[in-house]
Amino acid sequence: MQATPELIRRHPLMIIVLLAIALRLAALLALPEVFAFERTGVIQGIGTHDVYAQNLLQTGVYGFEPGEPDGVLPPLYSVFLAAVYAVLSRGALQLVVAQALLDTASIALLYRIGRRLWPEEPRVALIGAALHALYPYLLFQSLTMIDTSLYISGMYLLLWLLLQLNDASGRDRRHLALLLTAGGVSLCLLLLLRPNIVVLLPFAGLWLALRHGWRGSALRLLPVILLGMALLLPWIARSAGIYGQPVFIALHGGRNFWQGNNPCTLPYLRAGYDTQWQHENFAAGREITSLVQRDALAMQVSLDWLRNNPARIPELLWTKFIVHWSVDIQPSRNPPVSTAGENVVEECEAGVIAITTIGADDPTRVYDESAAARLFRVVHRYAFGGLLLLALAGLIITRRRWRELSLLWLALLSMTLVYVVYHPGTRYRTPTDPLLFLFSASALLAIWCRWRARRRSSSSHQG
């Protein structure tokens, strides 16, 4: 009986990691009717990745149509799925196991980041890792066909490498070269997953400059950026060969920007809907000859609207910021099931929206109709809301150590800026939530230490 407490004391991170895996597998076993897509035929997440993965395995070509190459979506998550299918076969259990292993990697990396930034208090790293492992929303994301687990592990690896580069001595050239190479490879892979990681880079340069100056920062960060971009060249050349003109990573940036910056964005967000459900009318009356032209047009239409409506921009940005940091899961509702006789004329300028309806078999229905989903939303509200309040207290408590800890602040800020400029949602914010939880852990420890000190003081007075 004494072996278990001893094991926990000696290997607490291992226990946290095993608990994270067990919880994810238990959730899958408890809800196979929701997540076991090979049985139900319904994929929770983005089923497009499944199509790409299966086509890649069957034809050897990355494309939505079998044997026809395209570059519409960043390829890394679909390639990851194809690898899982090739090794373990296609199924929910295989996917959850693979993503749970990615979660264990990000938990371990968060722990290492916490140990480095709070060297005098290892319990901050341990509590932060535990909060990551137990966080309900990330547990849910692990069960779905979403790139969240892969993205978090890649982002935290890049942040850990930045910490190592910050500490590295220029005299140990072999070690520095290894860190720069690992950083470049990590950056390339992240760009092939979510290109918005580029927004983190100037903030990383600023953080490195706080210790090493601008020249030292450039010597550490520029090689990472240059190597990452060089490794991207084959993919960029492939896309250019397909479309006859340069394509950076994918062909959804303009469309995503339009979803977050048009007359309908505010009414949709205020009604609790994801902006992806908007009617894509930006190409109405225009002749579109290629996907590249369509994406560029979406961006141009949005920029024109912003230019012609500057007074709307503050309200738009503030609303997106509030949605991004909402303690409730966003979107808070999903489109209704279609009914006969619907005929609503959309007038977004007047706040009237004609929400796209969904079929009775649409997978998103479970998020509104299931009792378990409604309970999950309540649990998330109090779990994230409580941790957010603790994190704000932690930010105040640790304010004197802002130089080192600002790496975490800047990572949070960079991703907030991305989705305030584009369009927000809880799943877009959650990759940075565990970074916030390190500050929550710091506040929890401070509260615990003060409580113990008062208790001791009270005991001594009574004695």
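Residues numbered from 1 in each chain as written. Predicted model: local features only at pLDDT ≥ 70, side-chain atom pairs only at ≥ 80, totals over all residues. Heavy atoms only, no water.

All right, on to the overall build of the protein chain then. Secondary structure assignment for the protein chain yields 21 helices and zero strands. Against the compact-globule benchmark of 23 Å for 463 residues, the protein chain has a radius of gyration of 24 Å, which places it among compact chains. Along the first, second and third principal axes, the C-alpha atoms of the protein chain reach 80 × 55 × 50 Å. Taking contacts inside the protein chain between residues at least 6 apart in sequence as the whole, the part at least 24 apart equals 74%. In the form shown here, the protein chain has an accessible surface area of approximately 22,100 Å², with 63% of it arising from carbon and sulfur atoms. Of the charged side chains in the protein chain, 40 are positive and 30 negative, and the gap between their average positions amounts to 16 Å. (Helix = DSSP H or I, 4+ residues; strand = E, 2+ residues; numbered from the N terminus. Rg over C-alpha atoms; globule rule 2.2 N^0.38 Å. Contact = heavy atoms within 4.5 Å. Areas by Shrake-Rupley, 256 points an atom, 1.4 Å probe, with all protein chains shown as cover. Lys, Arg positive; Asp, Glu negative; His and termini not counted. Charge placed at Lys NZ, Arg CZ, Asp CG, Glu CD.)

Taken together, the side chains of Leu375, Val378, Val379 and Tyr382 define a hydrophobic patch exposed on the protein surface, amounting to about 400 Å² of accessible area. Topologically, leucine 375 is positioned in helix H18 (residues 371-397). (Patch = residues over 30% accessible without salt bridge, like charges linked within 9 Å, V, L, I, M, F, W, Y side chains within 5 Å. Salt bridge = Lys/Arg side-chain N within 4 Å of Asp/Glu carboxyl O.)

Our next topic: the environment of tryptophan 277. Within the fold, tryptophan 277 resides in the loop between helix H14 (265-270) and helix H15 (291-308). A relative accessible area of 15% places tryptophan 277 in the buried class. Taking the C-alpha atoms as reference points, tryptophan 277 and asparagine 334, separated by 57 residues in sequence, lie 8.9 Å from one another. (Buried < 20%, exposed > 50% of the residue type's maximum accessible area, 1.4 Å probe, protein only.)

Moving on to the side chain of asparagine 261. Inspection of the secondary structure assignment puts asparagine 261 in the loop between helix H13 (253-260) and H14. Once you skip the residues sitting within four places of it in the chain, asparagine 261 turns out to touch Ser302, Trp305, Leu306, Leu316, Lys320, Val421 and Tyr422.

Take the packing of aromatic side chains next. As enumerated under the stated definition, the model contains 16 aromatic pairs in all. An angle of 80 degrees between the planes, with centres 5.7 Å apart, marks the rings of tryptophan 118 and phenylalanine 439 as edge-to-face. Taken as a pair, tryptophan 118 in the loop between helix H7 (92-117) and helix H8 (122-134) and phenylalanine 439 in helix H21 (residues 433-462) lie far apart in primary sequence, 321 residues in all. Phenylalanine 439 gets classed as buried once you look at its relative accessible area, which sits at 0%. Seen in terms of ring centroids, phenylalanine 140 and tyrosine 367 are 5.8 Å apart; in terms of plane orientation they differ by 90 degrees. Their pairing is edge-to-face. Linking phenylalanine 140 in helix H9 (residues 136-142) with tyrosine 367 in helix H17 (residues 366-369), this pair joins segments that are 227 residues apart in sequence. By the ring-pair criterion, three or more aromatic residues cluster together here, those being Phe35, Tyr137, Phe140, Tyr367 and Phe376. Over the ring of tyrosine 151 we find arginine 194; its NZ or CZ atom is 4.5 Å from the centre of that ring. Positioned above the aromatic ring of phenylalanine 384, the side-chain terminus of arginine 429 is 3.9 Å from the ring centre. (Phe/Tyr/Trp six-rings, centres within 6.5 Å; stacked < 30°, edge-to-face > 60°. Lys NZ or Arg CZ within 6 Å of the ring centre and 35° of its normal.)

With that settled, the discussion passes to the packing of helix H10 (residues 148-167) against helix H19 (residues 402-421). One can describe the packing of H10 onto H19 by two numbers: an axis separation of 12 Å at closest approach and a directional angle of 140 degrees. Compared by their axis directions, H10 and H19 come out oblique. You can see that H10 and H19 cross each other, and the crossing is right-handed. Two secondary-structure elements touch here, H10 through Tyr151, Met155, Leu159, Leu162 and Leu163 and H19 through Leu407, Ala411 and Met415. Tallied by class, the residues present in the contact of H10 with H19 amount to eight nonpolar, no polar and no charged. (Axes fitted to C-alpha atoms, helices over the stretch in contact; angles between N-to-C directions. Parallel < 35°, antiparallel > 145°, perpendicular 65-115°, else oblique. Left-handed = near helix turned anticlockwise from the far one by under 90°. Nonpolar A, V, L, I, M, F, W, Y, C, P; charged D, E, K, R; others polar.)

Throughout the structure, instances matching the rule amount to 15 salt bridges. Put simply, arginine 307 and aspartate 304 hold a salt bridge, and the shortest N to O gap is 2.7 Å. In this pair, arginine 307 and aspartate 304 both sit in helix H15, three residues apart, roughly one turn of the helix. In this structure, glutamate 404 engages arginine 401 in a salt bridge whose closest nitrogen and oxygen atoms are separated by 3.5 Å. Its relative accessible area of 31% is what places glutamate 404 among the partly exposed residues. A residue is classified by how much of its surface remains accessible, and arginine 401, at 24% relative accessible area, is partly exposed.

Okay, the packing of helix H2 (residues 12-30) against H7 next. Where H2 meets H7, the closest approach of the two axes is 9 Å, and the angle between their N-to-C directions is 155 degrees. The angle between H2 and H7 places the two elements in the roughly antiparallel class. Classified by chirality, the crossing of H7 by H2 is right-handed. Across from Leu13, Ile16, Val17, Ala20, Ile21, Arg24, Leu25 and Leu28 in H2, the residues of H7 making contact are Ala92, Leu93, Val96, Val97, Ala100, Leu101, Asp103, Thr104, Ile107, Ala108 and Tyr111. Counted by class, the contact of H2 with H7 contains 16 nonpolar, one polar and two charged residues.

Ranked by size, the top nonpolar core spans 97 residues in total, and within it Tyr156, Leu159 and Ile197 carry the most contacts. Isoleucine 197 has contacts with Tyr151, Met155, Leu158, Leu187, Leu190, Leu191 and Met415, leaving out every residue within four places of it along the chain. (Core = buried A, V, L, I, M, F, W, Y, C linked by side-chain atoms within 4.5 Å.)

Once that is clear, we can look at H18. With 27 residues, H18 ought to run about 39 Å at 1.5 Å a step, and its terminal C-alpha atoms sit 39 Å apart, in line with that. The set of residues buried in H18 consists of Ala373, Arg377, His380, Phe384, Gly385, Leu387, Leu388, Leu390, Ala391 and Gly394. Among the residues of H18, the N-terminal cap falls to serine 370, whose side-chain oxygen and the backbone nitrogen of alanine 372 are separated by 3.1 Å. (Expected span 1.5 Å × (residues − 1). Polar contact = N/O pair within 3.5 Å; in protein donor to acceptor, adjacent residues only side chain to side chain.)

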